[in-house]
Each structure stands twice: as C-alpha cells, then as structure tokens.
Amino acid sequence: MGKISSVYNIGKNYIRRFFGKTVKTSEEPVSIMEKAVSEPQKVTSKEIEAYYRRYNKHLTPPKPKEPAEVQISESEPYPLFEEISEYEFKTANEVSKTVLESLSHNFEQKKQTILDILEKNSDIIPPNVLITAKNINTPETLAHFIRNYVNNSSKYLKARQIQGCLKAICEKKISLSLQKELYEKGRKMAGSYLEMIKAVTVPSTDSRVIKIENYLKSMYGMDYVHLENFEEAKKILQTINIIKKTDIPLADTIIITPFTPRNTKGVNLLLSKSKNAVIIRSEAEETQIMQEAYNLLSEEAKKVIDEEFPNLCTDCMSTNHPLHYYVHEFAHSRQCLNSFLLYVLKIVPREVKAKVPNLGEYALTTNQVEFENELVTKDILQGLNKTERAILDSYI
C-alpha cells in the first residue's frame with residue numbers, strides 16, 4: 001500500500017522555519033555586586049552608613065521591565081498553518097465532482113448492491129457498518145464508506161482475535177488455527193471490497209482503453225481490468241513491460257479507481273484462491289481534488305504549497321520515477337507471505353534503517369512489508385547501492 005504524501009509536512013516545515021528565526025528580548029540583567037577586593041580596607045562610619053543605604057536599595061525589588069514585544073505578521077504562522085491543514089484534509093478526504101456525478105447515476109441501485117455485499121459478508125464486518133451503510137443517503141457518503149471499508153474491517157478482524165494476536169506478538173509464534181482464520185477472513189474482506197469497487201465502476205467508453213483492457217485479459221489471462229482513461233492505460237502497459245523483466249507475477253485484476261483506501265495511492269489485495277488485485281488511485285481524480293482545494297487557498301498559502309510540495313513528494317518515496325507508485329503496487333505481488341501476522345508485525349531494526357537514509361520517508365516510517373517493497377521498487381527503477389543491496393539480499 002502506498003501512502004499519500006502528507007501535506008501536513010509542508011506546514012510542519014513552515015512552522016519549523018518560523019520558530020528558527022531569532023527575536024530580540026530585554027537586555028540581560030547585570031550583577032549588582034561589585035567585584036570582591038583582594039585585601040580588606042579601612043572604612044569610616046559615614047561610608048558604612050552609605051553602604052547600607054545602597055544595600056537596602058538593592059533589596060527593594062525593581063519594577064520588572066516589560067519584555068520586548070515580538071511582532072508576528074498576521075499571516076505567520078497560525079492562520080497560514082490552519083489554511084494548509086485544511087488543504088491537506090480536503091486533498092485526502094474529499095471526492096471530486098466527476099465522481100459524485102458518476103455515483104448519482106442509479107444511486108439507489110448502487111447503494112443496494114453495496115448492502116447486498118455487506119449482508120453476504122456479515123461475519124467479517126463490524127456490527128455498526130451495516131447500520132451505517134443503510135443510512136447512506138448521498139453519493140459523497142457512499143464514496144467515503146467504500147474508501148474506509150478496508151481500514152474499518154481490518155481493525156474489527158484484529159480486535160476479535162486480540163488475545164490470540166497479543167500472545168503471538170509476545171511469543172513470536174502463532175497457532176495454525178488462528179493464522180488460518182485470520183488469513184481466510186482477511187481474504188474474504190479483500191474480496192468484498194473488490195466487489196464494492198466493481199459495483200460502482202462505470203465501464204470504459206474510450207475504444208483505445210477498451211482495446212488495451214481486452215488485450216491484457218486475453219494476453220495474460222486477467223480476470224478483470226479497468227483502466228479509466230487512455231493516459232492511465234499507457235502507464236499500466238509501461239508498468240507491465242517493466243514488471244515482465246522481473247520475477248514478480250502479474251496481478252489477476254487491475255483497477256484504476258477513485259476508491260482506493262483512504263489516504264493511499266493504491267493497494268495490492270491478496271484474494272482467495274491465491275489470486276490478487278492491484279488497485280491504484282486515479283490520477284485524474286487526485287489532480288482534480290488537489291486543483292479544487294488549491295483554488296480556494298490564499299496567494300500566500302499557494303506560494304508555500306508551490307515551494308514545499310515538490311520536495312515533499314521527492315522525500316517520500318525512494319525514487320522520482322513517474323511510474324514509481326505503479327511499480328510499487330505491482331511489486332507487492334511478490335510478497336506472498338505479507339498477510340501472515342508475524343510477517344506483517346516484524347520490526348525493521350533502527351540500525352538497519354539508519355543504513356538507508358535515502359530510501360524515503362514512507363519506507364522508513366512504516367512496516368516490514370513496505371520497507372522491503374520500497375527496496376525492491378528502487379532496485380527495479382533505479383538500482384541499489386552496495387549497502388541497500390546487502391540489506392535486500394541478506395536481511396530481507
């Protein structure tokens with residue numbers, strides 16, 4: 001799963017720069033005591049009286065000075081930070097007008113299909129999910145429901161087996177019966193999510209796209225392919241040409257969609273019968289959402305986004321290749337064990353991460369599965385240095 005670059009980091013970097021600035025404060029206090037003399041001196045009574053008058057004066061607390069006022073521009077940093085945070089929320093959560101229009105067509109029929117899928121899989125979903133689904137009354141709430149389905153169901157499955165999972169984590173071993181149950185229900189959950197996406201997906205109408213979809217199904221025996229538009233279709237063909245040069249198996253299903261799990265670029269689902277599906281977020285949808293949110297920003301916020309966003313994207317993943325996210329999701333197909341609990345929970349040691357600082361923020365802040373997959377993706381698209389190669393060959 002490829003996580004979307006968090007725009008929150010833009011605000012974080014902006015605030016860090018702000019507080020890095022120095023401001024002048026009140027002058028440092030000076031000592032009121034004279035330097036001690038090296039030898040005792042003779043003094044008169046008048047001098048003693050004068051000394052105590054001065055001493056008593058020093059005992060009287062002086063009126064505190066008002067600290068120098070720090071002038072902060074109205075645009076720094078709080079209003080701007082809030083504006084950028086709102087931009088982040090919109091780009092991660094909102095649905096484009098195009099998608100809403102698509103869901104509006106035969107809305108009740110699509111909603112009923114989703115309900116049928118949920119009822120068929122009631123053993124793997126939280127009790128309140130079906131109630132929530134029945135209360136869906138707009139295309140927007142339907143879109144959010146599908147996007148959040150995987151995360152909600154995954155948490156529910158783990159919560160139901162929490163004792164067994166905790167024991168497995170502590171003992172670093174798991175019973176075959178528990179692993180089998182988690183595996184089978186996880187595959188069923190993935191399959192139901194895939195059914196939902198298919199239920200709201202409008203078939204391609206571009207003859208060029210249809211031709212490519214049919215080619216992939218006939219050439220590689222794929223079960224289902226939806227590429228949305230010609231630009232995405234070309235990228236998928238390019239990605240497959242890259243993957244075919246490796247030992248990574250091709251997916252049985254490929255879908256370009258606006259309904260990837262919330263805040264992700266895509267996901268590789270392991271299904272039943274050892275099949276899998278690569279689901280990648282529609283770039284057209286993402287671009288439209290970002291543009292709509294960008295248009296609402298102030299000129300100053302736009303400037304920050306323009307300056308910081310390219311660096312943010314560069315730092316997130318291990319390469320800048322235009323097909324990085326596509327290859328990343330396809331590469332997950334080699335991880336046939338990535339659904340096993342102990343494999344997913346395996347922690348990459350800090351000393352190992354420290355050796356590959358250029359692997360990207362995503363790989364260094366997620367789990368074993370993503371760390372490994374970023375190494376493989378970088379190897380395919382750019383090549384690894386000696387240290388990275390040693391880790392991939394020995395540690396992984």
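Whatever comes next refers back to the structure up there.
Definitions and limits used
- Residues numbered from 1 in each chain as written.
- Predicted model: local features only at pLDDT ≥ 70, side-chain atom pairs only at ≥ 80, totals over all residues.
- Heavy atoms only, no water.
- Axes fitted to C-alpha atoms, helices over the stretch in contact; angles between N-to-C directions.
- Helix = DSSP H or I, 4+ residues; strand = E, 2+ residues; numbered from the N terminus.
- Parallel < 35°, antiparallel > 145°, perpendicular 65-115°, else oblique.
- Left-handed = near helix turned anticlockwise from the far one by under 90°.
- Contact = heavy atoms within 4.5 Å.
- Nonpolar A, V, L, I, M, F, W, Y, C, P; charged D, E, K, R; others polar.
- Patch = residues over 30% accessible without salt bridge, like charges linked within 9 Å, V, L, I, M, F, W, Y side chains within 5 Å.
- Areas by Shrake-Rupley, 256 points an atom, 1.4 Å probe, with all protein chains shown as cover.
- Salt bridge = Lys/Arg side-chain N within 4 Å of Asp/Glu carboxyl O.
- Core = buried A, V, L, I, M, F, W, Y, C linked by side-chain atoms within 4.5 Å.
- Buried < 20%, exposed > 50% of the residue type's maximum accessible area, 1.4 Å probe, protein only.
- Pairing = 2+ DSSP bridges.
- Phe/Tyr/Trp six-rings, centres within 6.5 Å; stacked < 30°, edge-to-face > 60°.
- Lys NZ or Arg CZ within 6 Å of the ring centre and 35° of its normal.

**So, the packing of helix H5 (residues 107-120) against helix H6 (residues 127-134)**
A pair of packed helices is characterised by two quantities: the angle between their axes and the separation of those axes.
Piece 1. Between H5 and H6, the least distance of the axes is 10 Å, while the angle of their chain directions is 165 degrees. By the angle between their directions, the pair H5 and H6 is classed as roughly antiparallel. Pair H5 / H6 crosses with left-handed handedness. Counted together, Lys 111, Leu 115, Leu 118 and Glu 119 of H5 and Val 129, Leu 130, Ala 133 and Lys 134 of H6 form the full contact between these two elements.
Piece 2. Looking at the contact of H5 with H6, its residues break down into 5 nonpolar, no polar and 3 charged.

**Details of a nonpolar patch on the surface**
Piece 1. Taken together, the side chains of Ile 162, Leu 166 and Ile 169 present a nonpolar region at the surface, about 250 Å² in accessible area.
Piece 2. Topologically, Ile 169 is positioned in helix H8 (residues 162-171).

**Side note on the nonpolar core**
Piece 1. Ranked by internal contacts, the top residues of the largest apolar core, which has 35 residues, are Leu 118, Ile 146 and Tyr 193.
Piece 2. Among the secondary structure elements, those contributing two or more residues to this core are helix H4 (97-104), H5, H6, helix H7 (139-160), helix H9 (176-200), strand E4 (264-270) and strand E5 (276-281).
Piece 3. Excluding residues that lie within four positions of it along the chain, Ile 146 makes contacts with Ile 114, Tyr 193, Met 196, Ile 197, Val 200 and Phe 259.
Piece 4. In this structure, Ile 254, Ile 256, Phe 371 and Leu 381 belong to the second largest nonpolar core, which totals 34 residues.

**Re the pairing of E5**
Piece 1. Burial analysis of E5 places 6 of its 6 residues in the buried class, which makes it a mostly covered element.
Piece 2. Of the two faces of E5, both are covered, the one formed by Asn 276, Val 278 and Ile 280 as well as the one formed by Ala 277, Ile 279 and Arg 281.
Piece 3. Where E4 and E5 come together, 5 bridges link them in antiparallel fashion. By the bridge assignment for E5, Leu 270 is matched with Asn 276.
Piece 4. Connecting E4 to the antiparallel partner E5 that follows it, the hairpin turn spans 5 residues, and Lys 273 within it adopts a positive phi of roughly 60 degrees.

**Topic: the packing of aromatic side chains**
Piece 1. Counted according to the given criterion, the structure contains 1 aromatic pair.
Piece 2. Their ring planes at 80 degrees and their centres at 6.4 Å tell us that Tyr 215 and Tyr 220 sit as a pair that is edge-to-face.
Piece 3. For Tyr 215, a relative accessible area of 39% translates into the label partly exposed.
Piece 4. What makes Tyr 220 partly exposed here is its relative accessible area of 26%.
Piece 5. A cation over an aromatic ring shows up here: Lys 198 above the ring of Tyr 224, its NZ or CZ 4.7 Å from the ring centre.

**Observations concerning the packing of helix H11 (residues 230-243) against helix H14 (residues 324-331)**
Piece 1. Contact geometry for H11 and H14: axes closest at 10 Å, N-to-C directions at 55 degrees. One way to sum up the angle between H11 and H14 is to call them oblique. Two packed elements cross with a definite hand, and for H11 against H14 that hand is right-handed. Between H11 and H14, the residues in contact are Glu 232, Lys 235, Ile 236, Thr 239, Ile 240, Ile 242 and Ile 243 and Tyr 326, Val 327 and Phe 330, respectively.
Piece 2. The class makeup of the residues in the contact of H11 with H14 is 7 nonpolar, 1 polar and 2 charged.

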